[in-house]
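# Topology and contacts: notes
Now for the letters of each chain:
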Amino acid sequence: MAQIRIVLVETSHPGNIGAAARAMKAMGLYELALVAPKHFPHPEATARAAGADDVLSKAQVCSSLQEAVADCQLVIGTSARARKIPWPRLSPRQCAQLLKHEAPATQVAIVFGRERCGLTNQELDLCHYGLFIPCTPDFSSLNVAAAVQIVCYELYLLGIKEEQGVGEDRLATHAELESFYAHLYQTLLDIQFLHSTKQGPSIMRRLRRLFGRARLEKKEVDILRGILTCAQRRGKV
């Protein structure tokens, strides 16, 4: 559980931060990251935490989602809305089952969006999976702290065990993957697979889905970047 980070993006109500911290501590999670919160620290966050002050005091405040997940090897973004280009989707129970086999060798971030509009497509681009909480179609809106509680409960209920050791073949971190995607995009331009930057976002989004499903190891990323470098050199000949 120590390898699982809860990330709240641009939370507008400080009470939701406190309530999320309380939900986390009750389920054995302590690592909280806050991306550009509107009000934090704040007395209402402390009041709603109701004893989870230690979670709040250790919370990492970040300026961007990229910063919050830079050292993570698995990023899961919550979303209630269907997207034009779908992400691989997990329910909270499926998420817990996945993490049972990932932790503790993998640093994981579970990302929750804004109260009013959730995560943007660009923010979901940084995620390997989308997480949805099944609700009645007539009223599918959940408070962000309630959503955190449901996900944390499923993780606690399943009982994540230390089934993997950390070896040399570790998964690539978010920062390593982002460097790879930037390298891939530039190579596609250099070899004229992409003839204009207008094609880039849609094609790169689909390539992110492809490599996200593969869950690349660091060594695999190094190999792929080596291939890209060779392709760039040949393109200049």
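Now for a look at the structure at hand. (Residues numbered from 1 in each chain as written. Predicted model: local features only at pLDDT ≥ 70, side-chain atom pairs only at ≥ 80, totals over all residues. Heavy atoms only, no water.)

## Regarding the environment of Glu102
Inspection of the secondary structure puts Glu102 in helix H5 (residues 92-102). C-alpha of Glu102 to C-alpha of Leu171: the two residues are 69 residues apart in sequence and 10.0 Å apart in space. Among the polar contacts made by the side chain of Glu102, one reaches the side chain of Arg215 at a distance of 2.7 Å. (Helix = DSSP H or I, 4+ residues; strand = E, 2+ residues; numbered from the N terminus. Polar contact = N/O pair within 3.5 Å; in protein donor to acceptor, adjacent residues only side chain to side chain.)

## Observations regarding the side chain of Gln73
Considering the arrangement of structural elements, one finds Gln73 in the loop between helix H4 (65-69) and strand S4 (74-78). According to the relative accessible area criterion, Gln73 is buried, its value standing at 8%. A distance of 2.9 Å separates the side chain of Gln73 from the backbone oxygen of Leu171, its partner in a polar contact. Ignoring any residue separated from it by four or fewer positions in sequence, one finds Gln73 in contact with Ala105, Thr106, Gln107, His128, Arg170, Leu171, Ala172, Thr173 and Arg215. (Buried < 20%, exposed > 50% of the residue type's maximum accessible area, 1.4 Å probe, protein only. Contact = heavy atoms within 4.5 Å.)

## Regarding the nonpolar core
Among the nonpolar cores identified, the biggest contains 36 residues, and Ile6, Leu8, Leu32, Leu99 and Ile110 are the most heavily contacted of them. At six residues, the largest contribution of residues to this core is made by helix H7 (residues 144-158). Aside from chain neighbours lying at most four places away, what touches Ile6 is Met24, Leu29, Glu31, Leu32, Ala33, Ile110, Phe112, Val148 and Cys152. Listed in part, the 17 residues of the second largest apolar core include Cys62, Ala68, Val111 and Leu124. (Core = buried A, V, L, I, M, F, W, Y, C linked by side-chain atoms within 4.5 Å.)

## Structural notes on the pairing of strand S2 (residues 31-35)
Burial analysis of S2 places four of its five residues in the buried class, the great majority of the element. Regarding topology, helix H1 (residues 14-26) serves as the crossover connection from strand S1 (residues 4-9) to the parallel S2, and that connection is right-handed. Examined bridge by bridge, S2 and strand S3 (residues 60-62) share three bridges and lie parallel to one another. Paired with Ala33 across the strands is Gln60, a residue of S3. (Right-handed = clockwise from strand over helix to strand, strands pointing away. Pairing = 2+ DSSP bridges.)

## Notes on the pairing of strand S6 (residues 108-112)
For S6, the buried fraction is high: five of the five residues fall into the buried class. Burial along S6 is two-sided: the face carrying Val108, Ile110 and Phe112 and the face carrying Ala109 and Val111 are both buried. By the bridge criterion, five bridges tie S1 to S6 in an arrangement that is parallel. By the bridge assignment, Arg5 is partnered in S6 with Ala109. Direction of pairing for S4 relative to S6: parallel, over a ladder of four bridges. By the bridge assignment for S6, Gly77 is matched with Val111.

## Here we look at the sheet that holds strand S7 (residues 129-131)
Taken in spatial order, the seven strands of this open sheet run S3-S2-S1-S6-S4-S7-S5, and their pairing is parallel. Looking at the sheet topology across the chains shown, the edges are occupied by S3 and strand S5 (89-90). This element, H1, spans S1 and S2 of the sheet and lies at about 160 degrees to S2. Where H7 meets the sheet, its contacts fall on S1, S6 and S7, and the angle it forms with S6 comes to roughly 150 degrees. (Axes fitted to C-alpha atoms, helices over the stretch in contact; angles between N-to-C directions.)

## Focus on the packing of aromatic side chains
In total, this model carries two aromatic pairs according to the counting rule given. For the ring pair Phe180 and Tyr181, a centre distance of 5.5 Å and an interplane angle of 45 degrees mean the geometry is tilted. Owing to a relative accessible area of 1%, Phe180 belongs among the buried residues under this scheme. Measuring from ring centre to ring centre gives 5.1 Å for Phe180 and Phe211, while their planes differ by 90 degrees; the resulting arrangement is edge-to-face. Of this pair, Phe180 sits in helix H8 (residues 174-190) while Phe211 sits in helix H9 (residues 200-214); the two residues are 31 residues apart in sequence, bridging distant segments of the chain. Note on accessibility: Phe180 and Phe211 belong to one class, buried. An aromatic cluster of at least three residues, connected via ring pairs, comprises Phe180, Tyr181 and Phe211. Positioned above the aromatic ring of Phe132 is the side chain of Arg89, whose terminal nitrogen or guanidinium carbon lies 4.3 Å from the ring centre. (Phe/Tyr/Trp six-rings, centres within 6.5 Å; stacked < 30°, edge-to-face > 60°. Lys NZ or Arg CZ within 6 Å of the ring centre and 35° of its normal.)

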